[in-house]
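# Inside the fold
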Amino acid sequence: MAFFTGIKVIGEAQAYIRDHWQRALRIREKLRFSEEAFHLMLAGGVGVIGGLVNLLFYYATESVRLLFLRQPGELVEVAERMPPWQRVITPTLGGLLAGLVLYWGLRMAGPQRSTNLLEVVVAGDGRLPFRNGLVKFLSSLFTISSGGSIGREGGIVQLSATIASKWGQIAKWQPYRLRLLVGCGAASGISAAYNAPISGAVFAALIVLGNFSMSMFAPLVFASVVATMVSRSFFGIQPWYTALPFEFTSVTQLPWFVFLGILTGAMGAAFLKLLNRAEEIFKRLKAPIYIRLALGGLVVGIIAVQFPGVWGNGYVITNRILHGEYGSATFAPRDIVNLPLFASQLRKPAPADEVSQYLQIELSRESQQLLSDYRGGPGAPLRQRLADDLNRVIRNEAIYDAQRFTNVTLSAETSDLLNQKPQGTDLVRLNRMLLLDAYPEELSKQHAMEAGLLFLVGLFLAKLIATLATVGSGAVGGVFTPTLFLGAGLGAAFGLALKLLGGGERLPIAPFAVVGMGSMLSATTRSPLLAMIMIFEISLDYSLMPPLMLACVVSILVARRLHPDSIYTEPLRQKGVSVLQDATASEAATERTVGEIMRAPVPPLRETATLGEIASRFLTSANNFLPVVDAKNQLAGIVALQDLKEYLGAGDELRGVIAYDLMRPPPPCVTPNQRLLDVLPVVLASEQRNIPVVNTLKENRLVGAVARAEVLGIFSEVIAASSKTYT
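Residues numbered from 1 in each chain as written. Predicted model: local features only at pLDDT ≥ 70, side-chain atom pairs only at ≥ 80, totals over all residues. Heavy atoms only, no water.

## A short note on the overall build of the protein
Rules: The helix count covers DSSP runs of H or I at least four residues long, the strand count covers runs of E at least two residues long, and both are numbered beginning at the N terminus. Each residue gets one of three labels from its accessible area relative to the maximum for its type: buried under 20%, exposed over 50%, partly exposed in between, using a 1.4 Å probe on protein chains only. When checking whether two residues touch, look at their non-hydrogen atoms; a contact exists if any pair is within 4.5 Å. All accessibility values rest on the Shrake-Rupley procedure with a 1.4 Å probe; residue burial counts only the protein chains present in the view.
Check the secondary structure of the protein and you find 30 helices and five strands. Classification of the 727 residues of the protein by burial places 52% in the buried group. Contacts in the protein between residues at least 24 apart in sequence constitute 75% of all its contacts with a sequence separation of at least 6. When the accessible surface of the protein is summed, it comes to about 33500 Å², and 61% of that surface belongs to carbon and sulfur atoms.

Below you can see the structure in the form of structure tokens.
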């Protein structure tokens, strides 16, 4: 009886399973871990890597900096305290050591693949060599820490992307996932370096991957956010650059920024041309890399004798420009434009004029005697004495006192600097600005503006030459921050020139400097969206967005007309790799690239593979065509199964036949950066199920394969969707 009961229970269970198995399958499908979720987890891990690399790079550069400079502090501030000979020796020695690291490190690492992020994405399989990346990271430490005119963001991005790629290589993931990891590494590096998560994601999407589809952009955002938060947990959330906000309320204020966009666009194109020229000049020297880097450091050192601000990435000097420091903060005799009025105020100060009372006490005996004897006229000796006394006063101590300046209307720039509680040279500048506000009719800013314009032009040219020498010599690092420096200097010089000519709609100088930073970045990267977002994130100032947006789009239009490539695509073009300048945001299937659906290549045969090895490969695989590669992994041809028919009955007499004897010429191939729409003719004409993918049509190195059926299936879906739309 129990036996029959058990049979009945089993039968009921089987009937229940038959009725509900489809529902169970649907539930299982929903609970299955999707590839998109897996990519987000990977991106989070890469974000942690980027944040930690930023931390490692900071402490490593600080340690090496102490080794070179023997004292803490920012590079520029230390350089300003150094004697001239040390300013020359330090970057020269740093360049020599950086070059020796490259020379011996790359030799020890041996021949490896390219370390260019864009090249391994658009013309490769996403594999970055770890040993080469580590060597270049160490080299960049010496260049940056010794005053080389280059940015630290390059080393951070390179190492973050390299570690991410190595992670994928160890896990033996497909090329499309390796390229995504490289993009996430670049995004996390930029985000951590600049505390700018949106900029990091946009940089990787636009510049590195060239794809804004959500399947790509979501992991980039995830990696950027995680890297930023890891970095903020150590360094806080302070903006990199600060400037006094200014509200733009009139259309008549905007034309000046159109002119600034034209200027920065032309300068951006010239900068790219000069970089190419500098690299050519250093390569013509036919000297080892350590000699070239030492020469580059020597050029920086010689320039630093007069302009110590060219040391490093330019962060300190850029902030000084944004805060209005354009050189000397002293008074000259000709700055006293109304000597009779100024002399009368100092001789007999009014009861409410506490500033004049303070200055009267601080005047030297010679000045007081000349004041008492003064009866009008040019008074050249008195002007000189008063200028000397004013300079001594502003250098000695802080002259601001709330009660002393009760009756003085302070300018917005003075109030902004006052709230920052400055010290050192910034305090001297504040004291000078306070006196200019206290005596608007007696003292003139004209001389300071003229001197400031000359200083800015000289500093801009000095930084330009120093950056060309550093980058051209082959130093490892980034050009983002030096580009921002050049843009700030050019923008501030443009604003000062406008003021001297009586234009500018009473605009302050700081907005021109900030907009110059963005438009210069736009001209060199050919990405106005990236420039706009980055300037907003590193300054946290939304008030400047209207003129910034205008100048960025104008600058890129001008730069394109004068120079075809961006700072990132120029090296690839020289290698024969074409990269689309405008990344698309469309998710249409026909806009996808081969790299997005590329898989691992069909395991190739060597040219020396014997007939037996070839037959064995065909018997153990479902492929009718096998690629043949040479010793450099370049596609030499293909062997077709049907070509072996005449040899199947052969005996020992054909043991000497190898793949080279049987192969056909290489078939038409595709590259990872090509759009599916562009490769459709090749797909339709091909006999192969797996079409070979090579890095470039010039080098012809086998990196993957794309399934013919998958490409045709994508286009079938597009055609079907289009048919539904129009029916």
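## As for helix α13 (residues 315–322)
Judged by how many residues are buried, α13 sits mostly within the fold: seven of eight residues are covered. Those residues of α13 lying buried are Val316, Ile317, Thr318, Asn319, Arg320, Ile321 and Leu322. Where α13 ends, the next residue or the one after it, glycine 324, has phi of about 95°, a positive value.

## Considering the packing of helix α22 (residues 509–525) against helix α24 (residues 545–562)
As a reminder of what qualifies: Where helices are involved, their axes are fitted lines through C-alpha atoms of the stretch in contact, as for all axes, and angles between N-to-C directions lie from 0 to 180°. Two helices crossing with the near one rotated counterclockwise from the far one by less than a right angle form a left-handed crossing, whereas a clockwise rotation gives a right-handed crossing. Ten residue types, Ala, Val, Leu, Ile, Met, Phe, Trp, Tyr, Cys and Pro, are classed as nonpolar, four, Asp, Glu, Lys and Arg, as charged, and the remainder, Gly among them, as polar.
Relative orientation of the contacting elements α22 and α24 amounts to 35°, with a least axis distance of 8 Å. Handedness of the α22/α24 crossing: right-handed. On the side of α22, the interface is formed by Val514, Val515, Gly518, Ser519, Ser522 and Ala523, while α24 contributes Pro547, Leu548, Ala551, Cys552, Ser555, Ile556 and Ala559. For the contact of α22 with α24, the class distribution of residues is nine nonpolar, four polar and no charged.

## Considerations on the pattern of salt bridges
Using the following cut-off: By salt bridge we mean one thing: a side-chain nitrogen of Lys or Arg within 4 Å of a carboxyl oxygen of Asp or Glu.
Considering all chains together, one arrives at eight salt bridges under this definition. Linking arginine 65 and glutamate 62 is a salt bridge whose minimum nitrogen-to-oxygen distance equals 3.1 Å. With arginine 65 and glutamate 62 both in helix α2 (residues 35–69) and three residues apart, this pair spans about one turn of that helix. For glutamate 687, the salt bridge identified is with arginine 664, shortest N-O distance 3.9 Å. On the criterion of sequence distance, the pair formed by glutamate 687 in the loop between α29 (676–685) and β4 (690–694) and arginine 664 in the loop between α28 (659–662) and α29 is long-range, its members being 23 residues apart. Taking the relative accessible area as the measure of exposure, glutamate 687 reaches 61% and is therefore exposed. According to the relative accessible area criterion, arginine 664 is partly exposed, its value standing at 23%.

## Quick notes on the sheet that holds strand β3 (residues 635–640)
Definition in use: Strand pairing is assigned whenever DSSP identifies at least 2 bridges connecting the two strands.
If you walk across this open sheet you meet the three strands as β1-β2-β3, and the pairing is mixed. This sheet does not close on itself; its edge strands, each paired only once, are β1 (605–606) and β3. As paired elements, β1 and strand β2 (residues 625–629) share two bridges and run parallel to each other. Directly across from leucine 605, in β2, lies its bridge partner valine 628.

## A look at the packing of helix α11 (residues 255–284) against α22
The test is simple: Angles below 35 degrees are treated as roughly parallel, those above 145 as roughly antiparallel, those between 65 and 115 as roughly perpendicular, and all remaining angles as oblique.
Packing of α11 against α22 brings their axes to within 8 Å, and their N-to-C directions diverge by 45°. By the criterion of interaxial angle, the relationship of α11 to α22 is oblique. As α11 packs across α22, the resulting crossing turns out to be right-handed. Residues Trp256, Phe257, Leu260, Thr264, Gly265, Met267, Gly268, Phe271 and Leu272 of α11 form the contact with α22, whose participating residues are Pro511, Phe512, Val515, Gly516, Ser519, Met520, Ala523 and Thr524. Class assignment of the residues belonging to the contact of α11 with α22 gives a composition of eleven nonpolar, six polar and no charged.

## Comments concerning the packing of aromatic side chains
Cut-off, in case you're wondering: Stacked, tilted and edge-to-face pairs are distinguished by plane angle, under 30 degrees for stacked and over 60 for edge-to-face with tilted covering the rest, among Phe, Tyr and Trp rings (Trp via its six-membered ring) whose centres lie within 6.5 Å. Two limits define a charge over a ring: the Lys NZ or Arg CZ must be within 6 Å of the ring centre, and within 35 degrees of the ring normal.
Summed over the entire model, instances satisfying the criterion amount to 16 aromatic pairs. With a centroid separation of 5.7 Å and 85° between ring planes, the pair formed by phenylalanine 38 and tryptophan 173 is classed as edge-to-face. On the criterion of sequence distance, the pair formed by phenylalanine 38 in helix α2 and tryptophan 173 in the loop between α7 (153–170) and α8 (175–194) is long-range, its members being 135 residues apart. Phenylalanine 38 gets classed as partly exposed once you look at its relative accessible area, which sits at 23%. Between the aromatic rings of tyrosine 194 and phenylalanine 480, the centroid separation amounts to 6.1 Å while the plane-to-plane angle is 45°, which identifies the pairing as tilted. Of this pair, tyrosine 194 sits in helix α8 while phenylalanine 480 sits in helix α21 (residues 480–500), placing them 286 residues apart in sequence. Owing to a relative accessible area of 2%, tyrosine 194 belongs among the buried residues under this scheme. Members of the aromatic cluster, joined through ring pairs, are Phe38, Trp167 and Trp173. Here the guanidinium or amino end of arginine 107 rests over the ring plane of tryptophan 104, the centre of that ring lying 5.9 Å away.

## Examining the confidence of the model for the protein
Keep this limit in mind: Confidence of the predictor in every single residue is expressed as pLDDT, which spans 0 to 100.
Taken over all residues, the pLDDT of the protein has a mean of 83, while the share at 70 or more is 87%. Within the model, pLDDT remains below 50 along residues 581–587, and this stretch shows 16 contacts once partners closer than five positions in the same chain are excluded.

## Some thoughts on a nonpolar patch on the surface
Put simply, the test is: Each patch is assembled from residues with relative accessible area greater than 30% and no salt bridge, linking like charges that lie within 9 Å and nonpolar side chains (Val, Leu, Ile, Met, Phe, Trp, Tyr) that lie within 5 Å.
A cluster of nonpolar residues, Val48, Leu52, Tyr58, Tyr59, Phe234 and Phe235, forms a patch on the protein surface that exposes about 560 Å² of accessible area. Every element with two or more residues in the nonpolar patch is listed here: α2 and α10 (214–235). For the nonpolar patch, the leading source of residues is α2, giving four residues. A relative accessible area of 46% means that phenylalanine 234 is categorised as partly exposed.

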